[in-house]
Amino acid sequence: MEKKLMRIGISLQGELLDKFDKTLSGRGYSSRSEGIRDAIRTYNQHYEWMQQIRGTRAATISIIYDCSKTGISSTLVKIQHENMDLISSSVHFHIEEDSCFEVIILEGEGGKIVELAEKILSLKGVKHLKLTTIPGEKTD
């Protein structure tokens, strides 16, 4: 079966594209297309992994975001208050003038933790999010 290639167009900030091109070159990719295909495969695999997170979990959500974006800090606080049943603690500090780093420590049902991570990731101004989970301890 022949796989049909589809042509797409995307808009990126010049700085982001320059950094991507340097990464591709450093990793030996022959073209941007090959690098983008690899990035999409990785993104899809990560999404599939997140959909398998079930049961009681301990987790961290690490976020880097642009705190100069209007409303992002208050939206993050609101989201965290709405999910106090999952959140044990959080730490927040400033990396640079407009960049904040926050780590949220959670425990609860894996599906709810994933929903929270995806909700935060979808916010404008969130530059990076990393979800780490481990199975919660069994108390027998």
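Criteria and cut-off values
- Residues numbered from 1 in each chain as written.
- Predicted model: local features only at pLDDT ≥ 70, side-chain atom pairs only at ≥ 80, totals over all residues.
- Heavy atoms only, no water.
- Helix = DSSP H or I, 4+ residues; strand = E, 2+ residues; numbered from the N terminus.
- Rg over C-alpha atoms; globule rule 2.2 N^0.38 Å.
- Buried < 20%, exposed > 50% of the residue type's maximum accessible area, 1.4 Å probe, protein only.
- Contact = heavy atoms within 4.5 Å.
- Areas by Shrake-Rupley, 256 points an atom, 1.4 Å probe, with all protein chains shown as cover.
- Lys, Arg positive; Asp, Glu negative; His and termini not counted.
- Charge placed at Lys NZ, Arg CZ, Asp CG, Glu CD.
- Phe/Tyr/Trp six-rings, centres within 6.5 Å; stacked < 30°, edge-to-face > 60°.
- Pairing = 2+ DSSP bridges.
- Axes fitted to C-alpha atoms, helices over the stretch in contact; angles between N-to-C directions.

A. Looking closely at the overall build of the protein. Scanning the protein from terminus to terminus reveals 4 helices and 4 strands. Helices (α) and strands (β) of the protein occur, in sequence order from the N terminus, as α-α-β-α-β-β-α-β. The C-alpha radius of gyration of the protein comes to 18 Å, more than 25% above the 14 Å expected for a compact globule of 140 residues. Summarising its shape, the C-alpha atoms of the protein cover approximately 50 × 45 × 25 Å along the three principal directions. The 140 residues of the protein split such that 27% are buried. Of the contacts formed within the protein by residues at least 6 apart in sequence, a portion of 67% connects residues at least 24 apart. For the protein, the exposed area adds up to about 10500 Å²; of that, 52% sits on carbon and sulfur atoms. Distance between charge centres in the protein, computed from 19 positive and 20 negative side chains, equals 7 Å.

B. How the structure looks around the packing of aromatic side chains. Counted under the stated rule, the structure contains 1 aromatic pair. With a centroid separation of 5.3 Å and 70 degrees between ring planes, the pair formed by phenylalanine 93 and phenylalanine 101 is classed as edge-to-face. Residue classification places phenylalanine 101 among the partly exposed positions, given a relative accessible area of 23%.

C. Looking closely at the sheet that holds strand E4 (residues 126-135). Overall, antiparallel pairing links the 4 strands, which are arranged E2-E3-E1-E4 in an open sheet. Two strands close off the open sheet at either side, each with one partner strand: strand E2 (87-96) and E4. Across the sheet, the mean angle from the axis of one strand to that of its neighbour is 15 degrees, orientation sign disregarded. Against the sheet, helix H3 (residues 72-82) touches strand E1 (56-66), E2, strand E3 (99-109) and E4, its axis set at about 170 degrees to E1.

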